[in-house]
Amino acid sequence: MRTHIVWDWNGTLFHDMEAVLGASNAAFATLGVAPLTLERYREMYEIPIPRFYRRILGRDPSRAEWEALDDVFHDRYAELSTACGLTEGVPGLLGGWRAAGRSQSLLSMYEHERLVPVVEGFGLLGEFLRVDGRTGASGGRKAGHLARHLEALGPDVSLRHTVLIGDAADDAQAALEWGLHAVLYSGGSHTRAKLEEVGVPVVDSLAEAVELAAELAA
């Protein structure tokens, strides 16, 4: 069976933390919350997102507040993310992995209808067996989406030969829940210290992540 990578997008292949921070601060400002620094954001960030908002606000947001926060975040993110680019080395890493006869797919919690045009705009759609973004309500965990993604990939992708590479603790937790290997990248939404608590390998570059994925899932 071919070694397979399930890639995360935001904060992993797509270097968008400045847009995420700006959009988050725009959303929090509607409730009078002072802007977060990037380091503070990475220390506080949690999935599911309502838990992150609870940590920031000191209470659970009301349903109306949650909907308003979510709307402001996504509207502002759509504006800011147009200035963001790929993480260092991404085109070469994806192309090299495919050229070696291995396979890869993309699973993101970014809305599917918005995700696909962005991936296509970077000329990357042809690198993946599948590209799946979130369908349904935002703010949840990745595990359920991963289950549907793996089912759609079919029997040619073996779970024990598959590695999920992402930047959030939830990425690794979803992978472990479905019997995959996981590697976490420290350049995204969490501090390295928070990622190390999960108990899977943590790396500081995607080149390291790909090298380790080849070893783990061989």
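Quick look at the structure, then. (Residues numbered from 1 in each chain as written. Predicted model: local features only at pLDDT ≥ 70, side-chain atom pairs only at ≥ 80, totals over all residues. Heavy atoms only, no water.)

Turning to the overall build of the protein, a few remarks are in order. What the protein contains, in helices and strands, is 10 helices and 8 strands. The C-alpha atoms of the protein give 17 Å as radius of gyration, which agrees with the globular expectation for 218 residues (17 Å, within 12%). C-alpha extents for the protein along the principal axes are approximately 50 × 35 × 30 Å. Buried residues in the protein amount to 52% of all 218 residues. (Helix = DSSP H or I, 4+ residues; strand = E, 2+ residues; numbered from the N terminus. Rg over C-alpha atoms; globule rule 2.2 N^0.38 Å. Buried < 20%, exposed > 50% of the residue type's maximum accessible area, 1.4 Å probe, protein only.)

Our next topic: the sheet that holds strand β5 (residues 131-134). Spatial strand order, β5-β4-β1-β6-β7-β8: 6 strands in an open sheet with parallel pairing. The two strands at the open ends of the sheet, each matched to only one other strand, are β5 and β8 (202-203). Judged from the 4 bridges that link them, strand β6 (residues 162-166) and strand β7 (residues 181-185) form a sheet pairing that is parallel. What sits directly across from L164, in β7, is A182. Most of the contacts of helix α5 (residues 90-99) go to strand β4 (residues 103-111), to which it runs at about 140 degrees, and overall it touches β1 (4-7) and β4. Contacts from helix α7 (residues 143-153) reach β1, β4, β5 and β6, with the element oriented near 145 degrees to β4. (Pairing = 2+ DSSP bridges. Contact = heavy atoms within 4.5 Å. Axes fitted to C-alpha atoms, helices over the stretch in contact; angles between N-to-C directions.)

Time to look at the nonpolar core. Membership of the largest hydrophobic core comes to 49 residues, with the highest contact counts inside it found for W7, L13, F52, F128 and I165. For this core, the element with the highest residue contribution is helix α1 (residues 17-29), accounting for 7 residues. For F128, the residues in contact, after removing those within four places along its chain, are W7, L13, L94, Q104, S105, L106 and V119. (Core = buried A, V, L, I, M, F, W, Y, C linked by side-chain atoms within 4.5 Å.)

The quantities given are spatial measurements derived from coordinates; they are silent on function.
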